Amino acid sequence: MKNGDLNENKKPDQYTESVLEQGLSRRNFLRRSAMGVAGTGLLSLPTFASVGAKPVQEKEDAFGKSSDGAATLSFLPHPKAIADSEIKATLTFDVVVVGAGASGVPAALSAAENGATVAVIQKAPFALSQGNTGSGVALAGSDKAGIEALVAKVCEDNAHRCHPGLVRQWAYNSGEAVRWVIDRAKQSGSPVIDQGNVQHGDVLNMNGYKLNWVTSFFGPKPYTAGDGMRHLAITAEKAGVKFFYNMPAEQLVQSKNGEVLGVVAKDRDGKYTKFLARKGVILATGDYQNNKAMCDYFVPDVKNFGRKQMGKTGDGFVMAYWAGGVIEPIGHTKMLHDFDGGPAPMCDMPFLAVDRDGKRFVNETVEMSVLNNYLRDAHNAGHYAQIFDSNYMTQAATWPGKLVPPEGLKNYMPELSGPKKGVFESLVNTHVADTLEELAKKLEMEPATLVASVKRYNELVVLGKDDDFGKPAKFMVPVEKAPFYGIHRTVRVSAICSGMLVNENHQALNGEGKTIKGLYVVGNLGGGFYGGVDYPLTVYGLSLGRCYTFGYLTGRHVAKL
Amino acid sequence: MKRFLSVMLFLAVVIGVGFCASNSDAAAWRKLATANATTKPGDCAACHKNAKVLPGQHVATKSMSYKDCQACHTQGSESPGSLYGKIPGHHIHALSGVQCSQCHGNTKHYAPVAMNKCLSCHGDTKELAKKTADVKPHNPHESRHYGTEADCNLCHHQHEKSVNHCGECHPFRFVVP
């Protein structure tokens, strides 16, 4: 990689330095308490006790601690000692991947294609992932200046809190990786297609420079990247990867000097299997959205929102932390969407929007991907509705996004029976009614409030100025001609995408900034790629594109060690 | 908001049960665990003491088994309806004659039970899923998320009220035993 090398021999870059200083690691809080008491270096570090050994500071080490060492964190329980007698089998591979998702499956296949013997341990009964689109930059047809402009834009979207080197690594390698995922998934019968530039109208030109895209589309729904990863897993099995399902990883096996040697996992009978890794363990266990205590601590803004995933309990965070890894500090990036209630291409169109009570609450040019910030309370809990009338096809014709005509909207209406296409039938939530009162009832809101909101909105339209929220006048169109439409959207947590501190090889770093031998982290468990309040939607498919790319690169890297 | 509060209240009660083994109003499962050798499972007062856990005019349950309960509490009946979702799973187990040790083993320190223990009585997951294949609008035992392999305890809690896990996102109104 020519661009953005994170050379660990150099002084740490500002991102890494900041996470070392502010993040959560065992070394970090021990160092601080040591500085307070007797100077650095005098405490013996229990960090690298091998599994099965009695922890040196058993009482204090029952749970992990906050970065200042002041708070004990119940969601970071010390791994319990597992006696050798409890281990029913020990299996050895070159590479052990924990988690079969959008990063784990590519990592496993990539490692196998590069000559490694590979095991994948998966908590669920099969590979899992979400979403449809994964994006990569096609180097052919892109200006280098365009790629750099894109990197700058993603960094800006991330509130400049990410590691630019990791974003750059995605930008320069994602075209190859996404193309590879498409090819390998197709080999097992996946209907995946390369959508190229179709979804990237807004990012084909960055600051006047050209960009060209490779875009995997696992769809349409109900087929998703989850089905895609299951197809990719078949290809991986053919390449020799061994999958162990219904087998949650419980803890890492470490040598006394801290090298990660393998993983202990538990089967449904409650029996343990030890998976030893000659070259490395790749953690790809995803986020922690279903771990309430972790969410309350790292990203309390998501407290009242529903969750889109299940079983994402942050197991990898606990394992990596106790192996000495560093968790990015509080203020993790969240991703909350609803592409299912109504057509996805209409989600950012600035129609009148009302909250769960039927009240206008925002300048509607605020995108769906960040609207959650206005709907954080327990009552709204992510619920809102887009309201428009039967003139929408003409009045919104030039707006950003893509309109779906009335006939197509029927596909998103739960009250209309009959087969639906390209949607999750139990998640569609679009309604039509001859009166606003009737529409309000279908949207589960107070009719009088919605009627009053529409009345006020129509007054502002006549006025030609949005005195209430300042929305551009060109987006102020009346809601007056029946039938009336409402898309009831409910943004819920798709993912939390902050994680463990890693270097350019996606190898975990410890609290001193040194690599942890044998431990690699990819996917949403990996840190450094985001950093803003919300996941940005400038590039559709950035998340899956990043997961595929880093899995692909890391599998290859570890296999070649 | 009301619903949210009632959920919070319920959680508070459940958490209370977990931590206050001696609280007589909310009988702790530990009591049942220690009492099951000598106490009849239908004897509510043995654990709940004076707390009112049955409707006012309910017949005496002291000597009842789950089969006796089902004489009135039939599935599909309007009233009194099935007991699904009304009493915790371990009550149904206990009333059916299942002892704590049959799941937890002979130990003083009860640990969570591995899922295969459930399957050892209730059968293979794929066969279980077949039994509910006709449930509308969706088979609760087969999903995109878990296939037929969802952990039983996602919904069927034993020592607290069971939950309709699917209903958290989908409009499926399942009554969960």
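The model shown is predicted, which means the values in this text are computed figures rather than measured ones.

A word on the overall build of chain A
No. 1: A tally of regular secondary structure across chain A gives 14 helices and 21 strands.
No. 2: Relative to a compact globule of 561 residues, whose C-alpha radius of gyration would be 24 Å, chain A shows 25 Å and is just as compact.
No. 3: The dimensions of chain A, computed from C-alpha atoms along their principal axes, are 75 × 55 × 50 Å.
No. 4: Every one of the 561 residues in chain A was classed for burial, and the buried ones make up 58%.

Examining the interface of chain B and chain A
No. 1: With 17 residues of chain B at the contact, the number on the chain A side is 19 residues.
No. 2: Joining chain B to chain A, the criterion identifies two salt bridges.
No. 3: Taken together, the connections running from chain B to chain A amount to seven residue pairs in polar contact (both at pLDDT 80 or more).
No. 4: The dominant element in the side of chain B that touches chain A, judged by the number of residues it contributes, is helix α7 (residues 115–122) of chain B, at three residues.
No. 5: Here the side of chain B that touches chain A is built from residues that sort into eight nonpolar, seven polar and two charged.

Side note on the pattern of salt bridges
All names here are of chain A.
No. 1: For the structure on display, the rule yields 32 salt bridges over all chains.
No. 2: For Arg556, the salt bridge is made with Glu176, and the minimal N-O distance between the two is 3.4 Å. Here Arg556, found in helix α14 (residues 542–559), pairs with Glu176, found in helix α5 (residues 164–186); they are 380 residues apart in sequence, far enough to count as distant.
No. 3: Owing to a relative accessible area of 26%, Arg556 belongs among the partly exposed residues under this scheme.
No. 4: The exposure class of Glu176 is partly exposed, given its relative accessible area of 40%.

Here's the deal with the sheet that holds strand β18 (residues 484–490) of chain A
All names here are of chain A.
No. 1: The sheet built from four strands is open, its strands ordered β15-β16-β18-β17 with antiparallel pairing. The open sheet has two edge strands, β15 (352–355) and β17 (430–433), and neither has a second partner. Recorded for the sheet is a direction-independent mean angle of 25° between the axes of neighbouring strands.
No. 2: Pairing geometry for β15 and strand β16 (residues 383–389), over four bridges, is antiparallel. By the bridge assignment for β16, Leu352 is matched with Ile387.

Let's talk about unusual backbone geometry
Excluding glycine, most residues fall at negative phi; most peptide bonds, likewise, are trans.
All names here are of chain A.
No. 1: Cis geometry marks the peptide bond from Lys221 to Pro222, where omega comes out at 5°.
No. 2: Its location among the elements puts Pro222 in the loop between β9 (213–217) and α6 (225–238).
No. 3: Here the bond from Ala482 into Pro483 is cis, since omega is 0°, no more than 30 degrees from zero.
No. 4: For Pro483, the position within the fold is in the loop between α13 (447–463) and β18.
No. 5: A positive phi angle, near 45°, is found at Ala381, a position not held by glycine.
No. 6: Structurally, the position occupied by Ala381 is in the loop between α9 (368–371) and β16.
No. 7: Of note in this structure, His506 is not a glycine but carries a positive phi near 65°.
No. 8: By relative accessible area, His506 is classed as buried at 3%.

Notes on the environment of His104 of chain B
Residues and elements named next belong to chain B.
No. 1: Checked against the element boundaries, His104 lands in helix α6 (residues 100–104).
No. 2: Along the backbone, His104 and Ala114 are 10 residues apart, and their C-alpha atoms lie at a distance of 9.2 Å.
No. 3: Those residues in contact with His104 that sit more than four places away from it in its chain are Tyr110, Ala111, Val113 and His159.
No. 4: Polar contacts involving the side chain of His104 include one to the main-chain carbonyl oxygen of Ala111, which spans 3.0 Å.

Quick look at the domain arrangement of chain B
Residues and elements named next belong to chain B.
No. 1: When cut into domains, chain B gives domain 1 (24–111) and domain 2 (112–177).
No. 2: Taking the mean C-alpha position of each, domain 1 and domain 2 sit 21 Å from one another.
No. 3: Buried surface at the junction of domain 1 and domain 2, summed over both partners, amounts to about 1100 Å²; 58% is from carbon and sulfur atoms.
No. 4: Interface area lost by domain 1 to domain 2 is led by Tyr84, Gly85 and Ala111, which between them contribute 37%.
No. 5: Between the two partners, domain 1 and domain 2, sit six residue pairs in polar contact (both at pLDDT 80 or more).
No. 6: In the side of domain 1 that touches domain 2, the residues fall into six nonpolar, six polar and no charged.

Description of the sheet that holds strand β6 (residues 193–194) of chain A
No. 1: Across the sheet, which stays open at both edges, the three strands sit in the order β5-β9-β6 (chain A) with antiparallel pairing between neighbours. In this open sheet, the two strands that pair with only one neighbour each are β5 (133–137) and β6 of chain A.

Looking at the confidence of the model for chain B
Residues and elements named next belong to chain B.
No. 1: Mean pLDDT over chain B: 79, with 79% of residues reaching 70 or higher.
No. 2: Of all the helices and strands in chain B, helix α1 (residues 2–19) carries the lowest mean pLDDT, 40, while helix α8 (residues 125–131) carries the highest, 95.
No. 3: Confidence drops under a pLDDT of 50 for residues 1–26, and excluding neighbours within four residues, the segment shows 16 contacts in the predicted structure.
No. 4: Reported confidence for the predicted complex is 0.73 by ipTM and 0.87 by pTM.

Describing the packing of aromatic side chains
All names here are of chain A.
No. 1: If you walk through the whole model with that rule in mind, you get 26 aromatic pairs over all chains.
No. 2: Ring geometry for Tyr288 versus Phe317: centroids 5.1 Å apart, planes at 90°, classification edge-to-face. Taken together, the residues span a long stretch of sequence, with Tyr288 in the loop between β13 (272–283) and α7 (292–298) and Phe317 in helix α8 (residues 315–322) at a distance of 29 residues.
No. 3: Owing to a relative accessible area of 0%, Tyr288 belongs among the buried residues under this scheme.
No. 4: One aromatic cluster in this structure is built from Trp170, Trp213, Phe529, Tyr530, Tyr535 and Phe550.
No. 5: Geometry around Phe126 places Arg230 over its ring, the cationic atom sitting 4.9 Å from the centre.

Thresholds applied
Going along each chain's sequence as written, the residues are numbered from 1 onward. Labels follow written order: the first chain is A, the first ligand is 1, and so on. The predicted nature of this model means local features are confined to residues of pLDDT at least 70 and side-chain atom pairs, given and counted, to a pLDDT of 80 or more, with totals for whole chains, interfaces and linings taken over all residues. For side-chain calculations, the full set of non-hydrogen atoms in the structure is used, while hydrogens and water are omitted. Strands are runs of DSSP state E lasting at least 2 residues, helices are runs of H or I lasting at least 4, and numbering of each runs from the N terminus. We compute the radius of gyration from the C-alpha atoms alone; for a globule the expected value is 2.2 Å times N to the 0.38, where N is the number of residues. Each residue is placed in one exposure class: buried if its accessible area under a 1.4 Å probe, protein chains only, is under 20% of its type's maximum, exposed if it is over 50%, and partly exposed if it falls in between. Whether two residues touch is decided by their heavy atoms; if any such pair falls within 4.5 Å, the residues are in contact. A side-chain nitrogen of Lys or Arg and a carboxyl oxygen of Asp or Glu constitute a salt bridge if their distance falls within 4 Å. Under the rule applied, a polar contact is a pair of N or O atoms within 3.5 Å (in protein, one hydrogen donor and one hydrogen acceptor; residues adjacent in sequence only if both atoms are side-chain atoms). Any residue that is not Ala, Val, Leu, Ile, Met, Phe, Trp, Tyr, Cys, Pro, Asp, Glu, Lys or Arg is counted as polar, Gly included; the first ten are nonpolar and the last four charged. By this definition, two strands are paired if DSSP reports at least two bridges between them. All axes here are fitted lines through C-alpha atoms, helices being fitted over the stretch that makes contact, and every angle between N-to-C directions spans 0 to 180 degrees. Either an automatic procedure or a domain database provided the assignment from which the domain bounds are taken. Throughout, the accessible surface (probe 1.4 Å) given up by two parts as they are put together, summed over both, is called the buried area. pLDDT is a residue-level measure of predictor confidence that goes from 0 to 100. Whether two aromatic rings pair depends on their centres lying within 6.5 Å, for rings of Phe, Tyr and Trp, where Trp uses its six-membered ring; planes under 30 degrees apart make the pair stacked, over 60 edge-to-face, and the rest tilted. Here, a charge over a ring is recorded when the distance from Lys NZ or Arg CZ to the ring centre is within 6 Å and its angle to the ring normal is within 35 degrees.

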